[in-house]
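Coordinates in review
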Amino acid sequence: ARRDEIGQLLNKLIEAGVIRRAESPSGSTLAFSFRSVARAWPWLMEHCGARRADELARDRLLATAELWDDQKKDSGILLTGASLRRASEVLGSSEADSVSGRFVQASQQHRRRTINWLVAALLAVVCGLAATAFHFNKLRQDAERKNQNLEASLLAINAALAASPPQSESERIL
């Protein structure tokens, strides 16, 4: 794998004109084209910087994975968010069975479990709010019905009182 990466880098440098390949009776030789190096320097530095950043991220991932493994797979050490995304990016497909691969897989599973738990908790809160709203709506309807019944009773009493003539002086005052 490393030999292929070096070959690919070499081919890119040749294509960019940074290195010249010369054939001789003794075999191929490579030589720098210094003008091309000056023109390609930003690209070369970016490429080397990206590779170095990936190597550092892989080193950090391995160190964290080994700590996780040494700490009996403590879930508090698992990666989340941007750290998990970056670890997934730099983890090679051949590293799936390594301690780093198992660490990233455990982090992804923990993330999925956490999301599922949060969704379940949110669903429970929404159901609780809906049940509470339904209960208060029922109480409001019952109160309105009682109020309407009370108003109807008062209207009936007032109508009955208005229809019957007062019988004594004290009833006229009322």
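Residues numbered from 1 in each chain as written. Predicted model: local features only at pLDDT ≥ 70, side-chain atom pairs only at ≥ 80, totals over all residues. Heavy atoms only, no water.

Details of the packing of aromatic side chains
Counting across every chain of the model gives one aromatic pair. Against the face of Trp-68 rests Lys-73, its NZ or CZ located 5.1 Å from the ring centre. (Phe/Tyr/Trp six-rings, centres within 6.5 Å; stacked < 30°, edge-to-face > 60°. Lys NZ or Arg CZ within 6 Å of the ring centre and 35° of its normal.)

Remarks on a positive patch on the surface
Side chains of Arg-85, Arg-111, Arg-112 and Arg-113 sit close together on the surface and give a patch of like positive charge. Sorting elements by how many residues they give to the positive patch places helix α4 (residues 99-163) first, with three residues. Residue placement: Arg-113 occurs in helix α4. (Patch = residues over 30% accessible without salt bridge, like charges linked within 9 Å, V, L, I, M, F, W, Y side chains within 5 Å. Areas by Shrake-Rupley, 256 points an atom, 1.4 Å probe, with all protein chains shown as cover. Salt bridge = Lys/Arg side-chain N within 4 Å of Asp/Glu carboxyl O. Lys, Arg positive; Asp, Glu negative; His and termini not counted. Charge placed at Lys NZ, Arg CZ, Asp CG, Glu CD. Helix = DSSP H or I, 4+ residues; strand = E, 2+ residues; numbered from the N terminus.)

Re the nonpolar core
The biggest cluster of nonpolar side chains holds 15 residues, and the ones touching the most others in it are Leu-61, Trp-68, Leu-78, Leu-79, Ala-87, Phe-103 and Val-104. Counting only elements with at least two residues in this core, the list comes to α2 (34-70), α3 (81-90) and α4. Discounting chain neighbours no more than four positions away, the residues touching Ala-87 are Leu-61, Leu-79 and Val-104. Among the nonpolar cores identified, the runner-up in size contains five residues, and Leu-13, Val-18, Ala-40 and Leu-44 belong to it. (Core = buried A, V, L, I, M, F, W, Y, C linked by side-chain atoms within 4.5 Å. Buried < 20%, exposed > 50% of the residue type's maximum accessible area, 1.4 Å probe, protein only. Contact = heavy atoms within 4.5 Å.)

Here's the deal with the pairing of strand β1 (residues 19-24)
Put simply, side chains in a regular strand alternate between the two faces of the sheet. When β1 meets strand β2 (residues 27-32), the two strands line up antiparallel, connected through six bridges. In the sheet register, Ala-22 faces β2, and the bridge partner there is Thr-29. What sits between β1 and β2 in their antiparallel hairpin is a turn of two residues. (Pairing = 2+ DSSP bridges.)

Considerations on unusual backbone geometry
The backbone of Lys-72 shows a phi angle near 60 degrees, a positive value even though the residue is not glycine. Note that Lys-72 resides in the loop between α2 and α3. Of the residues examined, Lys-72 reaches a relative accessible area of 75% and is grouped as exposed. Phi angles above zero are rare outside glycine, and Lys-73 is one such case at about 60 degrees. Take Lys-73: it is sitting in the loop between α2 and α3.

Side note on the confidence of the model for the protein
Chain-level pLDDT for the protein is 87 on average; 92% of the residues reach the 70-or-more range. Looking over the protein, one finds the lowest element-wise mean pLDDT in helix α5 (residues 169-173), namely 59, and the highest in α4, namely 94. (pLDDT = per-residue confidence, 0-100.)

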